Amino acid sequence: MNSLIPFNRPFIAGKELHYIAQAVTLGNISGDGEFARRCTIIMEERFGIKKILLTPSCTAALELSAMLLDIQPGDEVIMPSYTFVSTANAFVRVGAVPVFVDIRPDTLNLDARLVELAITEKTKAIVPVHYAGVSCEMDLILTLAEKYDLKVIEDAAQGVNAQYNQKYLGSLGQLGCFSFHETKNFICGEGGALCLNSEELIDRAHIIRDKGTNRQAFFQGQVDKYTWCDIGSSFVLSELNCAFLYAQLEMFDEINQRRKEIFDYYQHSLLPLEKNQQLRLPCVPEDCLSNHHMFYILLPNKTLRDGLLNHLKQLQIHAVFHFVPLHSSPMGKTWGYQHGDLPVTEQAADCLLRLPFFYEITTEEQQRVVDEIHKFLQLSLQKVNSEKQVFQVADIRNVE
């Protein structure tokens with residue numbers, strides 16, 4: 001009986017448990033304590049971000065962004081459909097309309113060349129999602145935002161510690177949003193952060209995050225009492241989560257190097273299949289430095305993808321597909337979207353398979369995954385050849 005290879009496994013990299021005990025000893029476990037301070041300092045200095053506020057999740061950071069930018073009912077927000085529901089929910093919950101734009105066939109990121117066509121007089125913001133830790137084409141997106149006076153909120157849930165043109169993701173738009181969910185590179189169970197790159201947004205972000213009060217100004221001695229000042233919510237991350245997270249952030253380079261090793265092993269081992277046009281591997285443009293958030297493959301079609309998924313499952317290997325495109329969801333259809341509107345998005349969703357990827361995965365486990373992919377695709381090729389059909393990978397790069 002084969003042992004289970006999970007898709008993900010949370011991990012302890014250093015002093016996580018020690019710091020949690022220390023946080024309890026210090027007497028503040030609710031939030032914005034010593035470990036929150038350490039986390040924000042280490043990230044602000046490393047990423048070159050003016051101010052980082054820790055939040056309970058990336059979802060919370062996105063929701064805080066919508067409130068902070070005063071997104072109103074009827075406003076339009078441009079984003080990819082190939083993303084997690086939180087990207088859209090954060091703006092829909094305040095009455096905005098998501099405008100879904102197709103993705104690039106190479107990186108599976110928002111196609112910046114199509115963004116300008118989606119801009120109308122109602123457009124208020126662009127939300128590029130950095131898929132798989134590879135940056136969107138931010139130079140063009142920021143140029144368009146400046147031309148049309150739009151805000152840019154980076155959904156960098158998967159992009160912590162990745163770069164574009166030697167600048168860290170989350171530092172490029174007016175706002176950036178991080179995730180420290182247990183499936184991400186740096187984790188604390190549930191957690192996120194709002195990156196503030198515009199000085200004028202910082203004070204109000206503090207107020208919204210603290211339930212609409214000027215609590216932070218009170219603690220800093222700027223006012224003699226704190227009170228309700230604005231619409232807000234509870235967007236503060238627990239100090240226990242911060243303690244766990246700080247231990248991970250201390251290990252930035254070690255974790256990053258380990259993930260690169262895992263990524264490179266898959267890449268090297270599966271390259272012959274790409275050369276044989278049996279699958280496609282991830283693409284990282286020259287101006288991007290990936291954080292190696294995940295490793296995915298693109299199969300020729302949905303039938304083959306689903307077949308490989310089931311084959312691996314039977315062998316106790318937990319691979320998964322990814323997003324169901326938001327425009328094809330029941331909610332997406334309420335804005336009039338139909339199947340076929342975003343062809344690259346739809347084909348990627350049908351053909352993509354994510355492989356097991358976690359800090360403690362062993363070389364032996366990776367090799368098991370690789371061997372079974374080779375076996376399955378070889379059997380599929382033999383079957384097609386026996387039926388005298390031409391097996392040719394569907395290259396989504398050719399989809400207009």
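Basis of the calculations
- Residues numbered from 1 in each chain as written.
- Predicted model: local features only at pLDDT ≥ 70, side-chain atom pairs only at ≥ 80, totals over all residues.
- Heavy atoms only, no water.
- pLDDT = per-residue confidence, 0-100.
- Contact = heavy atoms within 4.5 Å.
- Core = buried A, V, L, I, M, F, W, Y, C linked by side-chain atoms within 4.5 Å.
- Buried < 20%, exposed > 50% of the residue type's maximum accessible area, 1.4 Å probe, protein only.
- Helix = DSSP H or I, 4+ residues; strand = E, 2+ residues; numbered from the N terminus.
- Pairing = 2+ DSSP bridges.
- Axes fitted to C-alpha atoms, helices over the stretch in contact; angles between N-to-C directions.
- Phe/Tyr/Trp six-rings, centres within 6.5 Å; stacked < 30°, edge-to-face > 60°.
- Lys NZ or Arg CZ within 6 Å of the ring centre and 35° of its normal.
- Salt bridge = Lys/Arg side-chain N within 4 Å of Asp/Glu carboxyl O.

1. Digging into the confidence of the model for the protein
Reasoning step 1: When pLDDT is averaged across the protein, the result is 94; 96% of the residues are at 70 or more.
Reasoning step 2: This stretch, residues 388–400, has a pLDDT under 50; its non-local contacts, to residues over four places away or in other chains, come to 29 contacts.

2. With respect to the nonpolar core
Reasoning step 1: Counting residues in each nonpolar core, the largest one holds 90 residues, and the members touching the most others are Leu 54, Phe 91, Phe 178 and Phe 180.
Reasoning step 2: When residues of this core are assigned to their parent elements, the largest contribution, eight residues, is made by helix α3 (residues 58–68).
Reasoning step 3: Listed in part, the 27 residues of the second largest apolar core include Leu 270, Ile 297, Leu 308 and Phe 357.

3. With respect to the sheet that holds strand β1 (residues 51–55)
Reasoning step 1: Across the sheet, seven strands lie side by side as β1-β9-β8-β5-β4-β2-β3; this open sheet has mixed pairing. Each edge of the open sheet is held by one strand with a lone partner, namely β1 and β3 (97–101). Direction aside, neighbouring strands of the sheet carry axes that sit 25 degrees apart on average.
Reasoning step 2: Judged from the three bridges that link them, strand β5 (residues 151–155) and strand β8 (residues 175–179) form a sheet pairing that is parallel. Within the sheet, the bridge partner assigned to Asp 155 lies in β8 and is Cys 177.
Reasoning step 3: Helix α4 (residues 85–92) rests against β2 (76–80), β3 and β5 of the sheet, and its axis sits at about 180 degrees to β2.

4. Considerations on the packing of aromatic side chains
Reasoning step 1: This model, assessed by the stated rule, comprises 16 aromatic pairs.
Reasoning step 2: Between Phe 178 and Phe 180, the ring centres sit 6.4 Å apart and the planes meet at 70 degrees, which makes this aromatic pair edge-to-face.
Reasoning step 3: By relative accessible area, which is 0% here, Phe 178 ends up buried.
Reasoning step 4: Given the relative accessible area of 0%, Phe 180 is considered buried.
Reasoning step 5: Here the aromatic cluster, defined as three or more aromatic residues joined through ring pairs, consists of Phe 47, Tyr 168, Phe 178, Phe 180, Phe 186 and Phe 252.
Reasoning step 6: Between the NZ or CZ atom of Arg 46 and the centre of the ring of Phe 252, over which it lies, the distance is 4.3 Å.

5. As for the pattern of salt bridges
Any two side chains of opposite charge can pair, given that their charged atoms come close.
Reasoning step 1: For the structure shown, the criterion picks out 17 salt bridges.
Reasoning step 2: Lys 375 is the partner of Glu 372 in a salt bridge, and the nearest nitrogen-oxygen pair spans 3.5 Å. In this pair, Glu 372 and Lys 375 are both assigned in helix α14 (residues 363–386), three residues apart and thus about one turn of the helix distant.
Reasoning step 3: When its relative accessible area of 47% is taken as the criterion, Lys 375 is described as partly exposed.
Reasoning step 4: Each of Glu 34, Arg 37 and Arg 38 takes part in a single network of salt bridges with overlapping partners.

6. A look at the sheet that holds strand β6 (residues 163–164)
Reasoning step 1: On the basis of which strands lie adjacent, the open sheet formed by three strands has the order β7-β6-β10 and antiparallel pairing. Here the strands that pair on one side only, and so sit at the sheet edges, are β7 (167–168) and β10 (288–289).

7. Topic: unusual backbone geometry
Reasoning step 1: Despite not being glycine, Leu 108 shows a phi value in the positive range, around 65 degrees.
Reasoning step 2: Take Leu 108: it is sitting in the loop between β3 and α5 (112–118).
Reasoning step 3: On the basis of relative accessibility, which here comes to 1%, the residue Leu 108 falls in the buried class.

8. As for the environment of Ile 255
Reasoning step 1: Relative to the elements of secondary structure, Ile 255 occurs in helix α10 (residues 252–275).
Reasoning step 2: Sequence-distant contacts of Ile 255, that is, excluding residues within four places in its chain, are made with Phe 11, Ala 13, Asn 185, Phe 186, Gln 248 and Tyr 359.

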